[in-house]
Every structure is written in structure tokens, then in C-alpha cells.
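Listed here are the chains, written in short residue letters.
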Amino acid sequence: MSVPYRIVTCTNCNLQEASLILNGYFVWRDSNGREASFDRELAICRDCCTVTPIERLPDRDEFDEAEEASLAGFWRKRALKRKVYRSFWKKSLIQEAIDPTSGFEVLRQVMGLRRGPVCLACGSPDVSSMSIPYGHDTASEEPVPTGTIHPGCGGELLVRGSGGERVAVMLYKNVYDIHGQFVERTRE
Ligand SMILES: [Zn+2]
Ligand SMILES: [Zn+2]
């Protein structure tokens, strides 16, 4: 599998980070070995002082609504309509889809912690999501300002596309606990 990607650079230092760090399959695993997959987004971590992936957690109101429906015993029908929930039991390239009931149970534990997303590199909660300018095209190699300041450096982060270049990605399954702390990485 090959993908186009984005490269983040800084106006003030030689930082260069590719959005390829978002690739792979990411799951939370609870103490009973049940798993839920989750999406990532690019962010800056003030502990790593760089661009890093963080968890993308569901909207609290939407989650509360789905949990209410779950307690009432009819969550599947309602929750499955919502794209945000579908992502939590999606399958990897080679694995079967996660069972929605156990996926939802893991998600419920994560949301029950009432925590924000953490850095998937170091586990720190000191992160801010980094917005990629709307409509940014990976075909464009022109660096575009993002309005995000590089922590510990002061320069502004720029993003550019990889142009026509695509790279093959190694597929890994990245396992985290419900606190977002790294557990293990296995080759798919
Ligand atoms: Zn910098
Ligand atoms: Zn970090």
C-alpha cells in the first residue's frame, strides 16, 4: 500500500515531520484484552516539542447519547448510524472487525476517565491539535502557514504536500491502554 502524505516544517528550525506518523492501526486494549480502534490527528506535544499523533476522541454529547441508548438496550441501531462510532470497531487490513459490543465497552471505559487526548509518542496530555488549513491538498508542494507555533522554538509550523510522491507504508498495530499509554507494537 502506498500513500501521499504531508510534511510539517518550521520557519525557525530544521524540524521535518511527515504525516506518515498517523498511519497504521491503533487500538485501546482494556485489562480484559478487549479492543477498540481509534482515529488519530496531528497535534503538537509540548513534552516531545514536535508534531505528533494524538487520539481523536468522540464528541462528549454524542458519546453520552450513545451511552444512554446503550443502557436502554438499543444503542446499536442509533450508534451505528453515527460515523464517529463506526470508527471504534473498524477492522485493520488483516484482522476481523472488532465486535461492536466489546469495542463500545472499551470506548466507554476511555470516556469514563473524562480525560483529553494524549500524545501517542510519549503519553503526555500537554498537547494541542494542529489544524491543517481547510482543503489543503497533498499534491501541492507549496508550504502553507498553519498558525501553530513550534513549542520550545517559537517558529511557525508550515505544511506542504508530498506532491506526486507516494511512499509504501509498513503496517503496524499500535496498542495502547485506556489511558492512552503505549503497550506494544506488532507487525500486521
Ligand atoms: Zn522550530
Ligand atoms: Zn509527546
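Read on for an overview of the structure.

1. As for the sheet that holds strand E8 (residues 127-129)
Note: strands within a sheet are paired through backbone hydrogen bonds, in either parallel or antiparallel orientation. Strand order in the open sheet made by the three strands is E7-E6-E8, with antiparallel pairing throughout. For this open sheet the edge positions go to strand E7 (50-55) and E8, each flanked by a neighbour on one side alone. Along the sheet, successive strands turn relative to each other by an average axial angle of 45°, direction set aside. Of the strand pairs in this sheet, strand E6 (residues 40-45) and E8 are connected by three bridges, and their pairing is antiparallel. Looking at E8, one finds that cysteine 45 is bridged to valine 127.

2. What about the sheet that holds strand E12 (residues 172-176)?
Spatially, the four strands line up as an open sheet ordered E5-E4-E12-E13, and their pairing is mixed. Only two strands of the sheet have a single partner each, and these edge strands are strand E5 (35-37) and strand E13 (182-187). Across the sheet, the mean angle separating the axes of adjacent strands is 25° when strand polarity is ignored. Here five bridges tie E12 to E13, and the two strands are oriented antiparallel to one another. Directly across from lysine 173, in E13, lies its bridge partner threonine 186.

3. A word on the nonpolar core
Trp28, Ala36 and Val127 are the most contacted members of the largest nonpolar core, which has 28 residues in total. Elements represented by at least two residues in this core include exactly strand E2 (6-10), strand E4 (25-29), E6, E7, helix H4 (100-112) and strand E10 (156-161). With near-sequence residues (within four places) excluded, valine 127 lies in contact with Ala43, Ile44, Cys45, Ile54, Pro117, Val118 and Cys119.

4. Some remarks on H4
Its 13 residues place the ends of H4 18 Å apart at the C-alpha level, agreeing with the 18 Å of an ideal helix rising 1.5 Å per residue. Buried residues of H4: Gly103, Phe104, Val106, Leu107 and Val110, and no others. When H4 is viewed along its axis, its buried side chains cluster within an angular range of 160° and face the same direction. Of the exposed residues in H4, the ones pointing more than 90 degrees away from its buried face are Thr101 and Gly112. Those residues of H4 hidden inside the fold are in contact with E4, E5 and helix H1 (60-71). Where H4 terminates, the next one or two residues include arginine 114, which has phi positive at roughly 50°.

5. Examining the pairing of E6
Taken together, the six bridges between E6 and E7 define a ladder with antiparallel strand orientation. Across the sheet, glutamate 41 pairs through a bridge with isoleucine 54, a residue of E7. Where E6 folds back onto E7 in an antiparallel hairpin, the turn is made up of four residues, including cysteine 49, whose phi is positive at roughly 55°.

6. Looking at unusual backbone geometry
Its identity is not glycine, yet cysteine 49 carries a phi of approximately 55°, on the positive side. Mapped onto the secondary structure, cysteine 49 falls in the loop between E6 and E7. For cysteine 49, a count of 13 C-beta atoms within 10 Å translates into the label partly exposed. Residues other than glycine seldom take positive phi values, yet arginine 114 does so here, at roughly 50°.

About the criteria used
Residues numbered from 1 in each chain as written. Chains lettered and ligands numbered in written order. Predicted model: local features only at pLDDT ≥ 70, side-chain atom pairs only at ≥ 80, totals over all residues. Pairing = 2+ DSSP bridges. Helix = DSSP H or I, 4+ residues; strand = E, 2+ residues; numbered from the N terminus. Axes fitted to C-alpha atoms, helices over the stretch in contact; angles between N-to-C directions. Core = buried A, V, L, I, M, F, W, Y, C linked by C-beta atoms within 7 Å. Buried ≥ 20, exposed ≤ 12 C-beta atoms within 10 Å, placed from the backbone. Contact = placed C-beta atoms within 7 Å. Expected span 1.5 Å × (residues − 1). Arc of directions from axis to C-beta.

In short, geometric facts, not functional conclusions.
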